[in-house]
Amino acid sequence: MKCYDEELRGLSEQCARRKRLGALAWELEEQCRTYSARAQELKECLEKEHADVDRLEEGSLSTFFYNVMGKMDEKKAKEESELYAARLKYQNAVRELEQARGELESCRNELDALMGCEERYANLFREKTAAIKKAGRASAEKILRLEERGAYLQNQNRELQEAISVGQMALECTDRILES
C-alpha cells in the first residue's frame, strides 16, 4: 500500500501556510493603504515647506519685513530646517510604502504557488481512506481521524510559535520606537 502520511503532512503544512499568508496579505494591504495615505500627506507638507523657502528666496513682502527686522537669516534657516525635516519624513514614508508593497508582492507570489493545496490534500485523504477501507481494517476510520487531528494540532502549535515570535518582534520594535 502507498505511504500517504508524509505527503499528507506536507500538504497539511502547505494549507496552514496558505491560511497564514492570506491573513498576512490582508494585513499588508491595510499597511499599504495607510502608508500611501501618510506618504501623500507628507508630500503635501513637503510641497508647502518648499513653497515657504521659495517665497523667502524670491523676495516677497515677508522677505522685506524679515530683512528690515534683521531676522532674515534666522527665518531662512528655520524654513530650510523645516524643509529638510519634511523631506526626510516623506522619504521615510515612501521607503516604508515600497517595503510593504514588496512584502505584499512576495506574499501574493507564495500564495499563488500554494494555490490548490487544500484540494490536493482532500483528494489524497480520500484516496488514503479508500485504500484503508479496501484493506478491510476495522479501526481504520479511527486511526485516520486521529492522524488528521494530530496533523491539525501540529500545525496549530507551529502557528502559535510563529505568532509568539512575531509578537516578540513587534514588542521589540515598539520598545525601540518608544526609546527614540
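Cut-off values and rules
- Residues numbered from 1 in each chain as written.
- Predicted model: local features only at pLDDT ≥ 70, side-chain atom pairs only at ≥ 80, totals over all residues.
- Heavy atoms only, no water.
- Helix = DSSP H or I, 4+ residues; strand = E, 2+ residues; numbered from the N terminus.
- Salt bridge = Lys/Arg side-chain N within 4 Å of Asp/Glu carboxyl O.
- Core = buried A, V, L, I, M, F, W, Y, C linked by side-chain atoms within 4.5 Å.
- Buried < 20%, exposed > 50% of the residue type's maximum accessible area, 1.4 Å probe, protein only.
- Contact = heavy atoms within 4.5 Å.
- Polar contact = N/O pair within 3.5 Å; in protein donor to acceptor, adjacent residues only side chain to side chain.
- Expected span 1.5 Å × (residues − 1).
- Arc of directions from axis to C-beta.

Note that Leu97 resides in helix H3 (residues 72–113). With 62 residues separating them in the primary sequence, Leu97 and Tyr35 have C-alpha atoms 5.3 Å apart.

Counted according to the given criterion, the structure contains 13 salt bridges. For Glu6, the salt bridge is made with Arg9, and the minimal N-O distance between the two is 2.9 Å. One end of the pair is Glu6 and the other is Arg9, both in helix H1 (residues 5–58) and 3 residues apart, which spans about a single turn. Overlapping salt bridges bring together Arg20, Glu159 and Glu162 as one network.

By size, the foremost hydrophobic cluster in this structure holds 11 residues: Tyr4, Leu8, Leu11, Cys15, Cys117, Tyr121, Leu124, Phe125, Ala131, Ile132 and Leu144. Ranked by residue count, the leading element in this core is helix H4 (residues 117–135), at 6 residues. Residues within four places of Leu11 in sequence aside, it is in contact with Cys117, Arg120, Tyr121 and Leu124.

Quick look at the environment of Ala100 now. Mapped onto the elements, Ala100 comes out in helix H3. By relative accessible area, which is 2% here, Ala100 ends up buried. The contact partners of Ala100, leaving out residues within four places of it in the chain, are Leu28, Gln31, Cys32 and Tyr35.

Before going further, it helps to examine the side chain of Asn155. As for its position among the elements, Asn155 is in helix H5 (residues 140–179). On the accessibility criterion, Asn155 (7% relative accessible area) is buried. Among the polar contacts listed, one links the side chain of Asn155 to the side chain of Ser12, at a separation of 2.5 Å. With near-sequence residues (within four places) excluded, Asn155 lies in contact with Ser12, Glu13 and Ala16.

Further remarks concern H4. Between its first and last C-alpha atoms H4 spans 27 Å; for 19 residues at 1.5 Å apiece the expected length is 27 Å, and the two agree. When we look at burial in H4, the residues that qualify are Cys117, Tyr121, Leu124, Phe125, Lys128, Thr129, Ala131 and Ile132. Buried residues of H4, seen end-on, are gathered within an arc of 165° and therefore sit on one face of the element. Facing away from the buried side of H4 by over 90 degrees, the exposed positions are Arg126, Lys133 and Lys134.

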